[in-house]
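Structure assessment
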Amino acid sequence: MRERGVGGQLMRVGGAAGRRAEAGRVRFIALVAATALVALGIAAMLAAHATYAGQAERGLARNPITQDDRPDLSGTALWAKSTDSVPDGGFFSIVFITPLTAKAPLPPGLSAWPAPGEAVLSPRLRQLGSPDGITTRYGRTVADIASAGLQSPDELLAYIRPLVALSADRATSIVGYGRPLHTSPVRLGQLDYAKPEWTFQIMPGVLVLLPVAVLLLVAARSGSHSRDRRTALVAVLGGTPRDRALIVLGEAGLPILTGTLIAAAVVGAFCATDVRLPMTGFVVSAVDVRAWWWELLLGLVASAAVVAVACVVASRLSRKAGGNRPAGTRRPPTRWAILCPVFLLIAVRGPDFFTAGTPANVLINWAGAAATLITLPAAIAVLTARVGRLMSNAGRRFGRPGLLVAGHRVAAHPGPTARMTAGVVVSLGLLIQVVAWQGLFSDTARAAQATVDRIGSSALFMQPGTATPQQMEAFVHRLPPTEQAVQLISSGGRTTATLQGSCQGLTALQLPCSRQPVELGGVPKDPRVREIIDWSASGSTTVVVRELARPADSAPSDPEGVPPTILVSVDGHDLHEPALKQLAYEVFPKGAAINTPGGEWLVAGQLKRSQGLWITFFGFIGILVLAGASVISGTAEFLRNGRALAPISVLSGNRRVYWSTAAWSLLVPFVLAGSAGCLVGTWLAFPKTADGSSFISGTFLAACALGVSAMGLLAWGWGANVAARQASAWRPRGD
């Protein structure tokens, strides 16, 4: 009983010390933020796993069980899968299905069979594809797919019952839906286009939890000056490590509990309703999160324990080290600072001496960027010391006490300001490098976009899923007079490509029209011809042109051998792509893929861009966390000597000096750090962005700079307000 009473008393001592802590209870707020962010970081990793697990489970539930899996059962429906795309949506799955019996089981998410020529779309597909004519592309849309049949609330998916029933040789006979017996099922769903789960576990783990670990370290050591003296006193009085740990836990218990409750409220919101994440646009399913509520609860408890242990360990280490404040002022590392602009020049201009894309070109940029970021803190420290002297001189000259005091402090002790800003600048530089490198994997997509910029949609490639000569003839016959169809035959390692079509189609492309093949020489007059050849016949040494009365004459019955059909406008204006897609689904049993030349690469590049937004999303959070750690560190450092500023109000005759001093000590460094980080990161990324391949945008850079500046604004208001309150309680005591 006595030990329990002593333990409770020690924790109460710690709680009282926390309420009267130095630096205006900065540590309380810091520990609240660190605990909440640790818990949310762990919850994000668990939610990512829950999302993948939930999507995989619903994907298996709607996977077709083929008759080959269950030869003992009779087929109930004919099933075939294809892909399509809509602007800003990327690739998605479409399912053609024809029931064979009146009792054929419905696909999950459907409440009734659509009639022939009707379709059922996911709500997100209906919304996103409505401007592109998606509601009539596959026939009449009669219903929405329920959430039980979707892997995520915003999945793009369509079930189509074709007007003409599927044939057995063009579809798979299925007996139902669910987990297949074989290890290689016919898969259906958006996970086919998603990155592996481990990539999404790395992003919150590295881009969020590592900055949160920095914040936790700063929070554990905030206001440590008086705490180190208290720890030493307790040790002298005979306190055991357990006693000192109880005092620390008493001091940190309330903020840890508060942070855990905040994280629990956020997790509860994700459990209660679907949440659309900013930047990425992804909708987190509440059903998936609720399925892992027990693991999420354990994660909250574990995060609280991690923060408590970190506080105890930080207290013990700081006592052994004799405090964390340097005994004297160290000279800024000038030599390393001088190397920083040299490495920056090497990173930006060094790749110019090597061929683009070669290992040497990439290596010199990587090495220069890494060396620049390594030496950047030293350059910031040297620059900070010199700026401090200029500030003090300016304050003395213009009679600004706040500028004078802040300048003297920065000039005498540049380390705290340099540490406060260097982390933000380096982190912004790294994030911009990662975002810039995403653009290097979309060279083909950029080439496809350049084609669109040159010729628009005045020429479109069409590839039917299945096509007979009669169907091809029917499609061409239904084209308006202002649109013609030609074909390009270039396959099987042939050195000669043949561009063939009716006289109207060839004339529209300014090509000769003759029954005998005519070799195409020189630069084609119509730029569309060059784009067609570059994308579909780049491996051919010769291109010949010939008249073909009906393009359908060359269309074989084997769908794998259907040559690409190019739809061209006679007057050179853009074709109406949605109307052509709708016509294709009316004529061909499984529709047709219709894209601009290289358009499939544009869609794939769009998918990579949306996946890359996750790096930007988590990276931006990490930057804000690091900026928050800098806010706490800088504010604590500013307020640690806050009492030394108290007599200034007597000398200056006003309390505004605290606001001006805090502005020059906290707000201005953060604003400059945000701008400098964006500038340095953009410079380092120049070799990767000079050709326009970067995903870096002005909006992204502005968001980073404004986010860091907002943190500086918070630090300014916080530090100035607390310093003013400390000064109001100051009384002269001979100090």
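Residues numbered from 1 in each chain as written. Predicted model: local features only at pLDDT ≥ 70, side-chain atom pairs only at ≥ 80, totals over all residues. Heavy atoms only, no water.

Comments concerning the overall build of the protein chain
- Along its length, the protein chain carries 23 helices and 16 strands.
- Within the span of the protein chain, comprising 735 residues, buried residues form 49% of the whole.
- At a minimum sequence separation of 6, the contacts of the protein chain that also span at least 24 residues come to 79%.
- Accessible surface, the protein chain as shown: approximately 34500 Å² in total, 62% of it carbon and sulfur. (Helix = DSSP H or I, 4+ residues; strand = E, 2+ residues; numbered from the N terminus. Buried < 20%, exposed > 50% of the residue type's maximum accessible area, 1.4 Å probe, protein only. Contact = heavy atoms within 4.5 Å. Areas by Shrake-Rupley, 256 points an atom, 1.4 Å probe, with all protein chains shown as cover.)

Digging into the sheet that holds strand E1 (residues 64-66)
- If you trace the seven strands from one edge of the open sheet to the other, you get E1-E7-E2-E3-E6-E4-E5, paired in mixed fashion. Each of the sheet's edge strands pairs with one partner strand only, and the pair in question is E1 and strand E5 (140-144). Within the sheet, the average angular offset between the axes of one strand and its neighbour, ignoring direction, is 40 degrees.
- Relative to E5, strand E4 (residues 118-121) is paired through four bridges, and the arrangement is parallel. Paired with glutamate 118 across the bridge in E5 is arginine 140.
- Running over the sheet, helix H18 (residues 577-587) touches strand E2 (77-86) and strand E3 (90-99) and is turned about 170 degrees from E2. (Pairing = 2+ DSSP bridges. Axes fitted to C-alpha atoms, helices over the stretch in contact; angles between N-to-C directions.)

Brief notes about the state of the cysteines
- Taken as a whole, this structure holds one disulfide when the rule is applied.
- Between the sulfur atoms of cysteine 503 and its disulfide partner cysteine 513 the distance amounts to 1.7 Å. With the S-S bond torsion at -75 degrees, the cross-link from cysteine 503 to cysteine 513 turns out left-handed. Taken together, the residues cysteine 503 in helix H16 (residues 503-508) and cysteine 513 in the loop between H16 and strand E13 (518-519) connect sequence positions 10 residues apart.
- What makes cysteine 503 partly exposed here is its relative accessible area of 27%.
- Cysteine 678 takes part in no disulfide bond, and the closest cysteine sulfur, belonging to cysteine 704, lies 5.2 Å away.
- Residue classification places cysteine 678 among the buried positions, given a relative accessible area of 7%. (Disulfide = S-S within 2.5 Å.)

Considering the nonpolar core
- In terms of nonpolar packing, the biggest core is built from 89 residues, with Leu376, Trp614, Ile696 and Phe700 touching the most fellow members.
- In this structure, Ala459, Val486, Ala497 and Val529 belong to the second largest nonpolar core, which totals 19 residues. (Core = buried A, V, L, I, M, F, W, Y, C linked by side-chain atoms within 4.5 Å.)

Focus on the pattern of salt bridges
- Applying the stated criterion across every chain yields a total of 12 salt bridges.
- Across the salt bridge formed by arginine 58 and aspartate 288, the nearest N and O atoms sit 2.8 Å from each other. In this pair, arginine 58 is assigned in helix H2 (residues 26-62) and aspartate 288 in helix H8 (residues 286-290), connecting sequence segments 230 residues apart. Exposure class is identical for arginine 58 and aspartate 288. Each is buried. (Salt bridge = Lys/Arg side-chain N within 4 Å of Asp/Glu carboxyl O.)

Some details on the confidence of the model for the protein chain
- Residues at a pLDDT of 70 or more form 80% of the protein chain, whose mean pLDDT is 79.
- Of all helices and strands in the protein chain, the one with the weakest mean pLDDT is helix H1 (residues 2-19) (57), whereas E4 scores best (94).
- Contacts from residues 319-329, a stretch scored under 50 in pLDDT, to residues over four places away or in other chains number 12 contacts.
- Here residues 555-560 is a poorly scored stretch, pLDDT under 50, and it has 12 contacts once near neighbours within four places are set aside; other chains count. (pLDDT = per-residue confidence, 0-100.)

Section: the packing of aromatic side chains
- Per the stated rule, a full pass over the model turns up 10 aromatic pairs.
- Where phenylalanine 96 meets tyrosine 585, the ring centres are 6.3 Å apart and the plane angle is 20 degrees; that geometry is what we call stacked. Here phenylalanine 96 is found in strand E3, whereas its partner tyrosine 585 is found in helix H18, with 489 residues between them in sequence. Side by side, phenylalanine 96 and tyrosine 585 carry an identical accessibility label, which is buried.
- Ring centres 5.9 Å apart and planes at 25 degrees place the aromatic pair tryptophan 614 and phenylalanine 618 in the stacked group. One end of the pair, tryptophan 614, and the other, phenylalanine 618, are both in helix H19 (residues 599-640), four residues apart, so they sit about a helical turn from each other. (Phe/Tyr/Trp six-rings, centres within 6.5 Å; stacked < 30°, edge-to-face > 60°.)

Quick look at the packing of helix H15 (residues 469-477) against H18
- Contact pair H15 / H18: the axes reach a minimum separation of 10 Å and the direction vectors enclose 145 degrees. Seen from above, H15 lies across H18 with right-handed handedness. The segment H15 lies against H18, with Gln471, Ala474 and Phe475 engaging Leu580, Leu583, Ala584 and Val587.
- Residues belonging to the contact of H15 with H18 are distributed by class as follows: six nonpolar, one polar and no charged. (Left-handed = near helix turned anticlockwise from the far one by under 90°. Nonpolar A, V, L, I, M, F, W, Y, C, P; charged D, E, K, R; others polar.)

As for a nonpolar patch on the surface
- On the surface, Trp293, Trp294, Leu297, Leu298 and Val301 cluster together into a nonpolar patch covering about 550 Å² of accessible area.
- As for its placement among the helices and strands, tryptophan 293 is situated in helix H9 (residues 293-321).
- Tryptophan 293 gets classed as exposed once you look at its relative accessible area, which sits at 53%. (Patch = residues over 30% accessible without salt bridge, like charges linked within 9 Å, V, L, I, M, F, W, Y side chains within 5 Å.)

A few points about the pairing of strand E15 (residues 565-569)
- Among the five residues of E15, five are classified as buried, and the element is accordingly described as predominantly covered.
- Side-chain alternation along E15 places Thr565, Leu567 and Ser569 on one buried face and Ile566 and Val568 on a second face that is also buried.
- As defined by bridge partners, strand E10 (residues 459-464) adjoins E15 across four bridges and the pair is classed as antiparallel. Bridged to alanine 459 within E15 is valine 568.
- In this sheet, E15 lies alongside strand E11 (residues 483-489) in antiparallel orientation, the contact comprising five bridges. Within E15, the position partnered with glutamine 487 by the bridge is threonine 565.

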